[in-house]
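Per-entry structural report
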Amino acid sequence: MTPCLLQKIAQIRSGAPATRRAILELILEDPDRVLEESFEQLAERSRSSVPTIMRTCRDLGFAGLREFKLALAQELALGGSPLHRRVNIEDAADEVVGKIARSAAASVSGVRGQLDMQVLDGAVAAIAAAPHVDLYGAGATSWFMANDLQARLFRLGLSANAWADYHLQQVAGAAQRPGGVVIAISHVGGMPSLLDAVDIARGQGAKVVALTRPGTALAAKADFLLGLSVPDDAVMHVGIDAYLTHLTAIEILTVLVAQRRGEPAVQRLQRAREAFQRHGIDAATHPLQSWNGGGINDEKGGRAS
């Protein structure tokens, strides 16, 4: 996208109805803040309504606020400094901390609006019932994500392996069978060897859950697409926004799969925590938790004695 969205907003502002003009003025005044706000927050601040926000986005050529935010974030990224899309070279330390923290919060907040709940539910059901789950990551960041999710699924009682080596990804794909699941993680979504491994697994009857951007080659091969778009990073090809959104999606998957598997998953998690406590590792000062947030042996939700 060329950096002309803010110019377009400035051009149409004067001829817009009063309620929409107020929205456009807020965007021009502080585009970073708009990226962080929900429909309701922006409507309240502009003294308008959610339908008016939607009509304003359509005036600018977008289907809704989410599409507009992605375009605005992309423009700000392209127009920002090489340090970070929100940070200027002359910013003081407290400004740098504030800008990066707000940017990270906006990225995580955007996950909710991008996930299709019906697709997510289908992915969770497939993973929870799978006789075996293979996880593929392409690149250092995606490999970390795959390895982290594998450890989480294993703790829930699932048979799961994460594969970093491209050859072993293909071998694992060939060993899949109907009912199995492959979770492929790649922000870029176009690594040929990863796509080959996915094709092999699909040929064996496995379902594919893809955590990637919509519109990628990997997305096209997914049975369940968890599509997350983030603005380009000023420094890294796969930057902090992709990292945070993928981690958030992994946490969501973990909790939903645990809920779907029910008591057996809860018992496994409890036994793991008990083992850590007995050996003084990791959880020595933390109570074992139940679904209601209390200790597992306390009827009132307190810490077990």
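Below is a short write-up of the structure. Not measured: the values here are computed from a predicted model.

Quick look at the pattern of salt bridges
- Tallying each qualifying case throughout the model produces five salt bridges.
- Salt-bridge contacts for Lys-221 lead to Asp-199; the nearest nitrogen and oxygen are separated by 2.9 Å. With a gap of 22 residues between them, Lys-221 in the loop between helix H12 (217-220) and strand E5 (224-227) and Asp-199 in helix H11 (residues 192-203) connect regions that are remote in the sequence.
- Overall, Asp-199 belongs to the partly exposed group, its relative accessible area being 35%.

Concerning the nonpolar core
- Counting residues in each nonpolar core, the largest one holds 33 residues, and the members touching the most others are Ile-127, Val-133, Leu-135, Leu-153 and Ile-183.
- When residues in this core are grouped by element, the largest group, six residues, is from helix H8 (residues 117-129).
- Dropping the residues within four chain positions of it, Ile-127 is found in contact with Val-133, Leu-153, Leu-158, Val-181, Ile-183, Val-209, Leu-253 and Val-257.

Considering the sheet that holds strand E1 (residues 133-137)
- Pairing within the open sheet is parallel, and its five strands lie in the order E2-E1-E3-E4-E5. Single-partner strands in this sheet number two, and they are strand E2 (160-163) and E5. On average, each strand axis in the sheet is inclined to that of its neighbour by 15°, with strand direction left out of account.
- Taken together, the four bridges between E1 and E2 define a ladder with parallel strand orientation. Within E2, the position partnered with Leu-135 by the bridge is Ala-162.
- Along the sheet face, helix H9 (residues 140-155) touches E1, E2 and strand E3 (181-185) and points at about 160° away from the line of E1.

Section: unusual backbone geometry
- A positive phi angle is found at Arg-47, which is not glycine, with a value near 55°.
- Relative to the elements of secondary structure, Arg-47 occurs in the loop between helix H4 (39-46) and helix H5 (50-59).
- On the accessibility criterion, Arg-47 (77% relative accessible area) is exposed.

Let's talk about the packing of aromatic side chains
- Counted by the stated rule, this structure contains two aromatic pairs.
- Taking the centre distance of 5.8 Å and the plane angle of 70° together, the rings of Phe-62 and Phe-68 count as edge-to-face. Phe-68 matches Phe-62 in its accessibility class, with the two residues each being buried.
- Taking 6.0 Å as the distance between ring centres and 10° as the angle between the ring planes, the aromatic pair formed by Phe-144 and Tyr-243 counts as stacked. You can see Phe-144 sitting in helix H9 and its partner Tyr-243 sitting in helix H13 (residues 240-261), a full 99 residues away along the chain.

Details of H9
- With 16 residues, H9 should reach 22 Å at 1.5 Å per residue; the first-to-last C-alpha distance of 23 Å fits that figure.
- Listing the buried residues of H9 in full gives Ser-142, Met-145, Ala-146, Leu-149, Gln-150 and Leu-153. The buried side chains of H9 occupy one side of the element, clustering within an arc of 135° when seen end-on.
- Close packing links the buried residues of H9 with H8, E1, E2, E3 and H13.
- Residue Gly-157 follows H9 closely and has a positive phi angle near 100°.

Some points on the packing of helix H2 (residues 18-29) against H5
- Orientation of H2 relative to H5, taken along the N-to-C sense of each, is 75°, at an axis distance of 10 Å. Between H2 and H5, the angle is such that the two are roughly perpendicular. Contacts from Thr-19, Arg-20, Ile-23 and Leu-24 of H2 reach H5 at Thr-52, Ile-53, Arg-55, Thr-56 and Asp-59.
- A class-by-class count of the residues in the contact of H2 with H5 yields three nonpolar, three polar and three charged.

Calculation notes
- Residues numbered from 1 in each chain as written.
- Predicted model: local features only at pLDDT ≥ 70, side-chain atom pairs only at ≥ 80, totals over all residues.
- Heavy atoms only, no water.
- Salt bridge = Lys/Arg side-chain N within 4 Å of Asp/Glu carboxyl O.
- Helix = DSSP H or I, 4+ residues; strand = E, 2+ residues; numbered from the N terminus.
- Buried < 20%, exposed > 50% of the residue type's maximum accessible area, 1.4 Å probe, protein only.
- Core = buried A, V, L, I, M, F, W, Y, C linked by side-chain atoms within 4.5 Å.
- Contact = heavy atoms within 4.5 Å.
- Pairing = 2+ DSSP bridges.
- Axes fitted to C-alpha atoms, helices over the stretch in contact; angles between N-to-C directions.
- Phe/Tyr/Trp six-rings, centres within 6.5 Å; stacked < 30°, edge-to-face > 60°.
- Expected span 1.5 Å × (residues − 1).
- Arc of directions from axis to C-beta.
- Parallel < 35°, antiparallel > 145°, perpendicular 65-115°, else oblique.
- Nonpolar A, V, L, I, M, F, W, Y, C, P; charged D, E, K, R; others polar.

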